[in-house]
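# Structural features, examined
Chain by chain, the residues:
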Amino acid sequence: MLPPPRPLLAPLLAPLLALLLAAALAPRHARGQAPEIRRVDIGSRHLLSLLLERLNEPIFMPKGDYDTIYFRVPAKYLHPRFQPLTEELQGASTGGAAVVNLPEVAVPELGPAVELSRFEHFSLFIPRHRRMAKRLVEIFLGMPRYEDFLSASAFCRERINPYLFAYATSVAILHRPDTRNVPVPNAACLFPQKYLDGSVFPRIRMEANVLGPGQREPIVIPRDWTATDLEPEHRVAYFREDIGINLAHWHWHLVYPFDGPRVVVDKDRRGELFYYFHEQIIARFNFERLSNHLGRVKRFLNWREPIPEAYFPKLNNVLASRVWPPRQADARLQDVQREDQALVFDILDLERWRDRIMDAVHSRRVVADSGETVALDEVRGIDILGNILESSAISINRNLYGDLHNFGHVAIAFSHDPDNRHLEPFAVMGDSTTAMRDPVFYRWHSFVQSVFDEHKATLPRYTVDQLSFSGVQVLRAEVQTVGGTRPNELRTHWQQSDIDISRGLDFAPRGPVFVRVTHLQHVPFVHRIQVRNTAGGVREGTVRIFLAPLMDERRLPLSFRDQRQLFIELDKFRVRLDPGVSNIVRWHNQSSVTIPPERTFRNLDQRPPGPAGARFDYCGCGWPQHMLLPKGTTEGLRAALFVMVSDYSADRVEQPARPNACSDGHSYCGLLGQRYPDRRAMGFPMDRMPRPGVNTLQDFLTPNMAVAEVVVRHEDRTTPPQPMP
Ligand SMILES: *[C@@H]1O[C@H](CO)[C@@H](O)[C@H](O)[C@H]1NC(C)=O
Ligand SMILES: [Cu+2]
């Protein structure tokens, strides 16, 4: 039996239906093409991404730019409202367009996945929603052939909440062997309302409805649209609200779901990567704060105290006409009693989990579900702890250690309506797509990181021997900015970029519609590193480059213990060291941390054909290139550039034979389907307390390391959009 689709909102239906009929019956050869029906091979992989477009429009509406593709599905796939009209809606001429006939497949029982209405938000942090997502991902991964997956996906599309559907389909695309080359559409294009000021949508609709594609102009979003500088936290809003950063977080969670079928969750060092990715987010945020004369972020430690930071997101859920709820200054967490979400827990539960985890960290062992004790050692400890703290489905004991990080997000997200008396949905902290916009995200994650730090402090310090690379010395490290006159001066400014959001605009005319955003950018730079190898033969090394501020918020030099936690990774790569002196040149855009700009602001139509296209597609995970450097200050923020060359024979990881076409962004994202490509602890060599006697960065150095003092200078100018390569 096929489950019935979720009811649509009644008031929406009448005008919607009129529109659909008009669209479906209108002659399609208005542009002067002869009516003809092309058939599209359903094995074609890009059809899947078309299913993710305009998710509130029924499947038989035209897809792709300029109405080029029509899906035709069995009547029973459709919403009951449309089933009697199947012939009229699906039979009309589609002159000039291509038609895809999807065969009927048996889709397993959708179970809990149909329980979320189309107009609710979807949150992985809420267990009820996780169960829905898990079921859908299981179904999608279980469909035997690509064609079956495509058809099942079309069936689900018509009856599943759009956010849930897009999430589960994207996870399946990333994890099915036969869809490795399928583009996972950029979420900012599918759901622009989660990334852009709600006030642009009426303007966008006007532009799209009144003007043809060739006449439309980008809608410009000003840089300060959520608050003013009366609110000190607003000084770093350009970081929190950056589209690329929010996409990076969303994409990371697609690659590393914390719940779902075991094959999807249980990845090499996923718990450790949760630690490292968020550690880097906090370090980067603090660097940004110091660039704006703000103190480092304060951990959210006492959950009974009010939260001084307010946040008013100004995002709309366009179709449901619901806004994301704001949080007033001095909001307090309360016990959560959201029966509507099957979610009831107390702040005391969070405190109890925290205390149990802290006990485990300090006694250096955890108790597994089976009652067996497992050591939190140097090798596996951080990974076990990451899965416990997040927590993920592979937590060693969820009964005992609970669901601390996720439920913290939820408690904060419901602080404005903890018992549903106002029928308010959760706030931005409740959704991993939007959470990074809110200042409290960083306070909560700083707390989470402090638990990891407690664990790292119990580990043995790295000895000089472990840090050194015998026979290899780094003689010099410097950066040179393109067009710069002095070495070791990095430069930033503002830049505009356009993003096509037409794929996320339901019930609007076709063709691209652009939004123009302003974001931080840096001037291209290059690393020049001089290394001497006197080891008596060729050696291979891993170059590790980090950047940290020199001064704290009081403008006093940072101690190494503090500075250690502020290092952001800029790059990591393998080099061959011939005997003698090697001069290593490495460009900013080769970084192992970042993905290039066209993957943040990408438009799938610019996808290059052939193998380059495949590479383009699945390299979506990583930090946006434009946010590689912190903003710095107009007078120049002093920073330490740290370069280390470690012995590759100790860093090397045995990989399965299957080559990976894409390794962009691997420092924060790993490699899909492979092991994390560095055997050292993530964050090495800054991840542990320094050995005794080390008080400054200089004290920490061994001969295979070097430090350069650099400045990061910001110019308050805005450059226009750059053409994409
Ligand atoms: C990286 O940047 C440099 C300098 O701007 C440029 O010459 C080079 O083509 C870029 N490489 C890639 C892969 O974009
Ligand atoms: Cu989080």
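To keep things clear, this report deals only with the structure shown in the data block. Fair warning: this is a prediction, and the values are worked out from it, not measured in the lab.

### Describing a nonpolar patch on the surface
On the surface, a cluster of nonpolar side chains totalling about 260 Å² of accessible area is made up of Val482, Val585 and Trp587. You can see Trp587 is positioned in strand β17 (residues 580–587).

### Comments concerning the packing of helix α13 (residues 347–363) against helix α16 (residues 404–413)
At a minimum axis distance of 10 Å, the contact between α13 and α16 shows a crossing angle of 155 degrees. The angle between α13 and α16 falls in the class roughly antiparallel. Remark: the crossing between α13 and α16 carries left-handed chirality. Here Ile347, Leu350, Trp353, Arg354 and Ile357 of α13 come into contact with α16, specifically with Leu404, Phe407, Gly408 and Ala411. Residue composition of the contact of α13 with α16, grouped by class: seven nonpolar, one polar and one charged.

### Remarks on the site of ligand 1
Taken together, Pro524, Trp587, His588 and Asn589 make up the full set of residues near ligand 1. In this structure, an oxygen atom belonging to ligand 1 sits 2.3 Å away from a side-chain N or O atom of Asn589. Taken together, the residues of the shell around ligand 1 sort by class into two nonpolar, two polar and no charged.

### Brief notes about the sheet that holds strand β14 (residues 525–533)
Taken in spatial order, the three strands make up an open sheet running β11-β14-β17, and their pairing is antiparallel. Each edge of the sheet is formed by a strand with only one pairing partner; in this case those strands are β11 (472–481) and β17. If you compare each strand with its neighbour and ignore which way they point, the axes differ by 15 degrees on average. Judged from the nine bridges that link them, β11 and β14 form a sheet pairing that is antiparallel. Its bridge partner lying in β14, Ala477 is registered against Ile529.

### Description of the packing of aromatic side chains
Evaluation of the coordinates by the stated rule reveals 34 aromatic pairs. Relative to Tyr668, the ring of Phe277 has its centre 5.8 Å away and its plane inclined at 55 degrees; by these criteria the two rings are tilted. Placement of the pair is Phe277 in helix α12 (residues 270–291) and Tyr668 in helix α23 (residues 666–669), with a sequence separation of 391 residues. Residue Phe277 is classed as buried on the basis of its relative accessible area, which comes to 2%. Tyr668 gets classed as buried once you look at its relative accessible area, which sits at 0%. One aromatic cluster is present, formed by Phe239, Trp252, Tyr256, Tyr276, Phe277, Phe285, Phe441, Tyr442, Trp623 and Tyr668 through successive ring pairs.

### A word on the nonpolar core
Membership of the largest hydrophobic core comes to 173 residues, with the highest contact counts inside it found for Leu110 and Trp623. Ranked by the residues each element gives to this core, the list is headed by helix α6 (residues 162–175), at 10 residues. With residues up to four places along the chain from it excluded, the contact list for Trp623 reads Phe239, Ile245, Ala248, Phe277, Ile281, Arg284, Val593, Thr594, Ile595, Leu628 and Tyr668.

### Brief notes about the packing of helix α14 (residues 381–390) against helix α17 (residues 439–457)
Where α14 meets α17, the axes come as close as 11 Å, and the angle between the chain directions of the two elements is 155 degrees. As the angle between them shows, α14 and α17 are arranged roughly antiparallel. Crossing of α14 against α17: the hand is right-handed. On α17, the residues that touch Gly381, Ile382, Leu385, Gly386 and Leu389 of α14 are Val448, Val451, Phe452, His455 and Lys456. Split by residue class, the contact of α14 with α17 holds six nonpolar, three polar and one charged.

### As for the pairing of strand β16 (residues 568–577)
Consecutive side chains of a regular strand alternate in pointing toward one face of the sheet and then the other. The buried fraction of β16 is high, at eight of 10 residues. Here nine bridges tie strand β15 (residues 539–549) to β16, and the two strands are oriented antiparallel to one another. Of the residues in β16, the one forming a bridge with Glu540 is Arg576.

### Some details on the pairing of strand β13 (residues 514–522)
Bridging between strand β4 (residues 219–220) and β13 involves two bridges; their strand directions are parallel. Its bridge partner lying in β13, Val220 is registered against Arg516. The pairing of strand β12 (residues 489–500) with β13 spans nine bridges and is classified as antiparallel. Within β13, the residue paired with His493 across the bridge is Gln521.

Each value, and the rule that gives it
Residues numbered from 1 in each chain as written. Chains lettered and ligands numbered in written order. Predicted model: local features only at pLDDT ≥ 70, side-chain atom pairs only at ≥ 80, totals over all residues. Heavy atoms only, no water. Patch = residues over 30% accessible without salt bridge, like charges linked within 9 Å, V, L, I, M, F, W, Y side chains within 5 Å. Areas by Shrake-Rupley, 256 points an atom, 1.4 Å probe, with all protein chains shown as cover. Salt bridge = Lys/Arg side-chain N within 4 Å of Asp/Glu carboxyl O. Helix = DSSP H or I, 4+ residues; strand = E, 2+ residues; numbered from the N terminus. Axes fitted to C-alpha atoms, helices over the stretch in contact; angles between N-to-C directions. Parallel < 35°, antiparallel > 145°, perpendicular 65-115°, else oblique. Left-handed = near helix turned anticlockwise from the far one by under 90°. Contact = heavy atoms within 4.5 Å. Nonpolar A, V, L, I, M, F, W, Y, C, P; charged D, E, K, R; others polar. Near = heavy atom within 4 Å. Polar contact = N/O pair within 3.5 Å; in protein donor to acceptor, adjacent residues only side chain to side chain. Pairing = 2+ DSSP bridges. Phe/Tyr/Trp six-rings, centres within 6.5 Å; stacked < 30°, edge-to-face > 60°. Buried < 20%, exposed > 50% of the residue type's maximum accessible area, 1.4 Å probe, protein only. Core = buried A, V, L, I, M, F, W, Y, C linked by side-chain atoms within 4.5 Å.

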